[in-house]
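Structural description and commentary
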Amino acid sequence: MSRGHARHYEGHHGLSVFGKDLVRRCSAHCELCDAQGVKLSVFEVPPVLTEPDYDHCIMICDTCQKQIMRPGLIDHNHWRCLNNSIWSEVVPVKMLSVAMLRYIHRQHAWPGALLEQVYLDADEENWIEQIEIC
Ligand SMILES: [Zn+2]
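Not measured: the values here are computed from a predicted model.

1. Details of the coordination of the zinc ion
Around the zinc ion, the protein contributes the donor atoms Cys 30 (SG), Cys 33 (SG), Cys 61 (SG) and Cys 64 (SG), which lie 2.2 to 2.3 Å from the metal centre. Coordination geometry of the zinc ion: the 4 donor atoms subtend angles of 105 to 115° at the metal centre, consistent with an arrangement described as tetrahedral. All donors of the zinc ion belong to a single chain; written as a sequence motif, their spacing is C-x2-C-x27-C-x2-C. Here Cys 61 lies in strand β2 (residues 57-61) and Cys 33 lies in the loop between α1 (16-26) and β1 (40-44), a separation of 28 residues in the sequence. Owing to a relative accessible area of 4%, Cys 61 belongs among the buried residues under this scheme.

What follows is the structure, encoded as structure tokens:
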């Protein structure tokens, strides 16, 4: 997705309200690829709202973040992690996982089977359509 669609909230004052909750939720693991012992930062899943919203924020590692922000750098093997994250109970993690799988599916076959298994309700489908990875 382009920089215009995503904001990086590290150090943002609004984030301090729920930053601790995010840290607790992710328990020091990247919420997408499960990497631990690496630097994690907050990524806000589009559509970006005026105020930071806990339900749009996820904690991810630099590797994931870099590839989301610059899809030209995508190493599709890294994203095998979506096999797990797509089942996350954390809704923004699930939403971004589906969006990434759809993006990768344009060039690779493997996400197809996974995408067929996941159930999305109308609200979730609507949300995913607003996540532009381009
Ligand atoms: Zn990661």
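Next comes the rest of the write-up.
2. Side note on the packing of helix α4 (residues 91-105) against helix α6 (residues 122-129)
The geometry of α4 relative to α6 is characterised by a closest axis approach of 9 Å and an angle of 60° between their N-to-C directions. Accordingly, the angle class assigned to the pair α4 and α6 is oblique. Judged by the twist between their axes, the crossing of α4 over α6 is right-handed. Residues Val 91, Pro 92, Lys 94, Met 95, Val 98, Ala 99 and Arg 102 of α4 pack against Glu 124, Glu 125, Trp 127 and Ile 128 of α6. Across the contact of α4 with α6, the residue classes break down as 7 nonpolar, no polar and 4 charged.

3. Notes on the pattern of salt bridges
It is possible for side chains of opposite charge to pair when their charged atoms get near one another. Applying the stated rule across the entire model yields 5 salt bridges. One salt bridge in this structure joins Glu 125 and Arg 102, with 3.0 Å as the shortest N-O distance. Here Glu 125, found in helix α6, pairs with Arg 102, found in helix α4; they are 23 residues apart in sequence, far enough to count as distant. With a relative accessible area of 25%, Glu 125 lands in the partly exposed category. When its relative accessible area of 33% is taken as the criterion, Arg 102 is described as partly exposed.

4. Some remarks on the packing of aromatic side chains
Applying the stated criterion to the full structure yields 1 aromatic pair. Seen from their ring centres, Phe 18 and Tyr 54 are 5.6 Å apart, and the 70° between their planes marks the pair as edge-to-face. Pair noted here: Phe 18 is in helix α1 and Tyr 54 is in the loop between β1 and β2, with a separation of 36 residues, a long-range link. By relative accessible area, Phe 18 is classed as buried at 9%.

5. Examining the layout of surface pockets
Roughly 200 Å³ of volume is contained in the largest pocket. Looking at the largest pocket, it is lined by 15 residues, and the ones nearest its centre are His 29, Cys 30, Glu 31, Leu 32 and Asp 34. Elements with a contribution of two residues or more to the lining of the largest pocket: α1 and α3 (82-85).

6. Section: α6
Turning to α6, its buried residues are Glu 124, Trp 127 and Ile 128. In a view along the axis of α6, the buried residues occupy a sector of 95°, so they form one face of it. Exposed residues pointing more than 90 degrees away from the buried face of α6 are listed as Ala 122 and Glu 129. Packing partners of the buried residues in α6 comprise α4. For α6, the N-terminal cap is Asp 121; the gap from its side-chain oxygen to the backbone nitrogen of Asp 123 is 3.1 Å.

Cut-off values and rules
- Residues numbered from 1 in each chain as written.
- Predicted model: local features only at pLDDT ≥ 70, side-chain atom pairs only at ≥ 80, totals over all residues.
- Heavy atoms only, no water.
- Donors = N, O, S within 2.8 Å, 3.2 Å for Na, K, Ca; no water.
- Tetrahedral: all angles 85-135°; square planar, octahedral: opposite > 155°, others 65-115°.
- Helix = DSSP H or I, 4+ residues; strand = E, 2+ residues; numbered from the N terminus.
- Buried < 20%, exposed > 50% of the residue type's maximum accessible area, 1.4 Å probe, protein only.
- Axes fitted to C-alpha atoms, helices over the stretch in contact; angles between N-to-C directions.
- Parallel < 35°, antiparallel > 145°, perpendicular 65-115°, else oblique.
- Left-handed = near helix turned anticlockwise from the far one by under 90°.
- Contact = heavy atoms within 4.5 Å.
- Nonpolar A, V, L, I, M, F, W, Y, C, P; charged D, E, K, R; others polar.
- Salt bridge = Lys/Arg side-chain N within 4 Å of Asp/Glu carboxyl O.
- Phe/Tyr/Trp six-rings, centres within 6.5 Å; stacked < 30°, edge-to-face > 60°.
- 1 Å grid on protein atoms, 1.4 Å probe; cavity = no way out; pocket = protein on both sides within 12 Å on 5 of 7 lines; lining within 4 Å.
- Points joined across faces, edges and corners; volume = space filled by probe spheres on them.
- Arc of directions from axis to C-beta.
- Polar contact = N/O pair within 3.5 Å; in protein donor to acceptor, adjacent residues only side chain to side chain.

Scope: geometric values only; no functional claims are made or implied.
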